[in-house]
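# Coordinate inspection notes
If you want the building blocks of each chain, they are given just below.
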Amino acid sequence: MVRRMTARILDGKKLAETVRAEVKVRAAAFAAERGRPAGLEVVLVGSDPASQVYTRNKEKAALEVGIRGKLHTLPAETTEQELLALLDRLNADDAVDGILVQLPLPGHIDEQKVLDAITPAKDVDGFHPVNAGLLASGRPSLVPCTPRGSMRLLALAEAPLSGARAVVVGRSNIVGKPMAQLLLAENATVTIAHSRTKDLAALCREADVLVAAVGRPEMIRGDWVKPGAVVVDVGINRVDVPGEKNAAGQQKTRLVGDVAYAEAAERAGAITPVPGGVGPMTIAYLLDNTLIAAERRARG
Ligand code: GUN
């Protein structure tokens with residue numbers, strides 16, 4: 001008989017509640033000391049349904065921990081100049097501690113130009129090149145939320161990182177690259193894999209820590225997972241459920257990660273589910289970053 005392992009499920013929803021409770025205490029202390037709450041401004045351009053959900057959740061989560069959250073919803077036709085003017089205003093506003101522009105932006109707006117326009121001290125996404133450069137130099141400032149949340153999940157798994165082999169699949173500025181930096185800072189031996197990587201399956205099989213951040217549903221198969229490895233699945237992909245319709249007669253869909261969860265859970269030592277893994281942690285660390293930005297700005 002083949003012995004099957006059953007992975008420990010890393011519950012991001014529950015861990016995010018712990019992080020949010022910690023932030024709530026700090027948010028109250030900040031408000032009492034400064035006579036105003038910490039402020040987070042979230043900017044959405046256009047009406048992408050997933051982005052609408054994410055940004056509403058971010059605003060709501062901020063309000064729940066005592067951060068003054070404000071969502072700016074701008075029409076898809078908003079010009080780059082108009083968006084930059086809003087960011088100028090928010091940069092200059094002393095009651096604003098964190099600014100986040102939801103990605104992706106409509107095609108006529110230069111994403112790089114917009115991210116560069118957010119003052120680094122208020123860049124709670126950690127996407128500004130100054131913050132990316134500080135992280136890469138081992139002098140982290142504001143660190144992207146999803147990699148921070150993923151590292152906390154690895155801590156929950158008590159995964160030994162020093163000397164471990166870590167493979168990060170995906171090289172985005174938002175997740176892959178900063179995640180690799182954080183793992184490196186913990187003395188892991190880090191490989192960043194991507195669409196041109198040769199024999200990705202064999203590479204993944206060597207990973208003690210496997211992080212999937214490619215945005216391709218269930219691409220990482222169960223037999224790519226080294227027995228006992230810790231698997232962090234950053235992907236959130238909506239896929240059709242073949243042959244099933246919802247109550248309104250529309251195609252039924254479900255959320256899946258970048259990892260074939262059921263297969264991978266048979267081999268992994270610990271694994272994050274989708275939904276309920278990395279997703280809630282991203283929002284929790286956005287709130288944490290907002291408090292970090294507010295506290296630093298207050299100290300001057
Ligand atoms: N789009 C997908 N993920 C993110 C994120 O973490 N921050 C922002 N601003 N946009 C995103």
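Here's what I pulled together on the structure shown here. All of these numbers come straight from a predicted model, not from anything done at the bench.

Another point: the overall build of the protein. Looking only at helices and strands, the protein has ten helices and eleven strands in total. Over its C-alpha atoms, taken along the principal directions, the protein stretches across nearly 65 × 50 × 35 Å. A sequence separation of at least 24 residues applies to 69% of the contacts in the protein between residues at least 6 apart. Carbon together with sulfur atoms contributes 52% to the accessible area of the protein, which is approximately 14500 Å² in total. Separation between the mean location of the 38 positive side-chain charges and that of the 35 negative ones in the protein comes to 3 Å.

Right, let's get into the site of the ligand. Looking at the ligand, the residues that line it are Lys58, Leu100, Val101, Gln102, Leu103, Asp125 and Phe127. One nitrogen or oxygen atom from the side chain of glutamine 102 is found 3.3 Å from a nitrogen atom belonging to the ligand. Leucine 103 is positioned such that a nitrogen or oxygen atom in its backbone is 3.0 Å from a nitrogen atom of the ligand. For the ligand, whose accessible area on its own is 280 Å², the fraction buried by protein is 79%. Its residues assigned to classes, the shell around the ligand shows four nonpolar, one polar and two charged.

What follows is about the sheet that holds strand S4 (residues 98-101). Strand order in this open sheet of three strands is S3-S2-S4, and the pairing throughout is parallel. Sheet topology places strand S3 (68-74) and S4 at the edges, where each strand pairs with a single neighbour. Strand-to-strand twist across the sheet, computed as the mean angle between neighbouring axes with direction ignored, equals 15°. Bridge count for strand S2 (residues 39-45) against S4 is four bridges, and the pairing is parallel. Bridging across to S4, valine 42 finds its partner in leucine 100. Running at roughly 160° to S3, helix H2 (residues 49-64) makes contact with S2, S3 and S4 of the sheet. Of the strands in this sheet, S2, S3 and S4 touch helix H3 (residues 80-92), which is tilted by about 180° from S2.

As a further point, take the sheet that holds strand S6 (residues 189-193). In spatial order, the strands read S1-S11-S8-S7-S5-S6; together these six strands make up an open sheet with parallel pairing. Lying at the two open borders of the sheet, with one neighbouring strand each, are strand S1 (8-9) and S6.

Rules used in this analysis
- Residues numbered from 1 in each chain as written.
- Predicted model: local features only at pLDDT ≥ 70, side-chain atom pairs only at ≥ 80, totals over all residues.
- Heavy atoms only, no water.
- Helix = DSSP H or I, 4+ residues; strand = E, 2+ residues; numbered from the N terminus.
- Contact = heavy atoms within 4.5 Å.
- Areas by Shrake-Rupley, 256 points an atom, 1.4 Å probe, with all protein chains shown as cover.
- Lys, Arg positive; Asp, Glu negative; His and termini not counted.
- Charge placed at Lys NZ, Arg CZ, Asp CG, Glu CD.
- Near = heavy atom within 4 Å.
- Polar contact = N/O pair within 3.5 Å; in protein donor to acceptor, adjacent residues only side chain to side chain.
- Nonpolar A, V, L, I, M, F, W, Y, C, P; charged D, E, K, R; others polar.
- Pairing = 2+ DSSP bridges.
- Axes fitted to C-alpha atoms, helices over the stretch in contact; angles between N-to-C directions.

By themselves, these figures tell us nothing about what the structure is for.
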